[in-house]
Amino acid sequence: MKFNYKLHRLCGSAYGVPNATNTTSSSTSGGNILYTSSGNVLLSPVSNRVQVIDLLTHTATTLSCEARSNIKTIALSPDDRLLLIVDVDNHAMLVNFHRSVILHRFSFKRNVRICEFSPCGLYFAVSYGNHIQVWHAPGLRREFAPFVLHRTYTGLGDGVVDIQWSSDSSVVMACAKNGTTRIWSVQ
C-alpha cells in the first residue's frame, strides 16, 4: 500500500530556524526568504521544508522534498530552475524547483551561513567560515560529481554574513561580522 500525502498548508514561522548548536533554545539564527524572478512567488523555509506562496492566486504549497534537518539558507537560480537548500548541519540539496525533485546532495565541511547564485547562473557562492567558495552551478542533468569548486576566496577577519554579485557575474563581494568588505574577481 502506497501513501502519497502532500502538504499543501504548512503552519509555522516563515522566518527563523533553531540554532544548530542548541535546537531546544528559543533563539533563532534565521532563514532567508526569496522571491522568484517574476516577483509573484515567495519561497520561505519552514523547518525542514520549503513553502511556496503564490502572491497572485493567494495559494500556499509545500515542496515535496525535505531536508535532513532545519533549513538554514536557500538560493534560487536566476532562471528559477534550480533551488539550493542548505540545512543547519551543512547538508546541501540541489532541487529542480518546478518539479520538486532532488537532483544532487552534497555535504559542506564547514559552517555555511549564506549562499547566493550569480546573475548569469553559472556559479553559486557560499560562505565557508571566514572564506567564501565559488562553485560551478550544475545543470538539470544528473551527474556523478555535479559540484565542482571554482575557487576559495580568503581575507575576511570574521564570519561572512552577506554575499553579493555584480550584474555581469565577474565580481563577487563578501561582508564579514566585523564590518570588513572584500571584493574579488571571479575569473
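Before going into details, it helps to say that this report is about the structure given with it. Note that this is a predicted model, so its numbers are computed, not measured.

The rules we used
Residues numbered from 1 in each chain as written. Predicted model: local features only at pLDDT ≥ 70, side-chain atom pairs only at ≥ 80, totals over all residues. Heavy atoms only, no water. Salt bridge = Lys/Arg side-chain N within 4 Å of Asp/Glu carboxyl O. Helix = DSSP H or I, 4+ residues; strand = E, 2+ residues; numbered from the N terminus. Buried < 20%, exposed > 50% of the residue type's maximum accessible area, 1.4 Å probe, protein only. Pairing = 2+ DSSP bridges. Axes fitted to C-alpha atoms, helices over the stretch in contact; angles between N-to-C directions.

**Some details on the pattern of salt bridges**
Following the criterion strictly, the structure yields two salt bridges and no others. For the salt bridge of Arg49 with Glu66, the shortest nitrogen-to-oxygen distance reads 3.0 Å. Of this pair, Arg49 sits in strand E3 (residues 49-54) while Glu66 sits in the loop between strand E4 (59-62) and strand E5 (71-76), placing them 17 residues apart in sequence. For Arg49, a relative accessible area of 14% gives the class buried. A salt bridge links Asp79 to Arg81, with the shortest nitrogen-to-oxygen separation between them at 3.2 Å. On the basis of relative accessible area, Asp79 is assigned to the partly exposed category, the value being 43%. Since its relative accessible area comes to 37%, Arg81 is described here as partly exposed.

**Thoughts on the sheet that holds strand E13 (residues 160-165)**
The sheet built from three strands is open, its strands ordered E13-E14-E15 with antiparallel pairing. Only two strands of the sheet have a single partner each, and these edge strands are E13 and strand E15 (181-185). With direction set aside, neighbouring strand axes in the sheet form an average angle of 20 degrees. Here E13 pairs with strand E14 (residues 171-176) via five bridges, running antiparallel. By the bridge assignment, Gln164 is partnered in E14 with Met173.

Distances and angles like these do not, on their own, reveal function.
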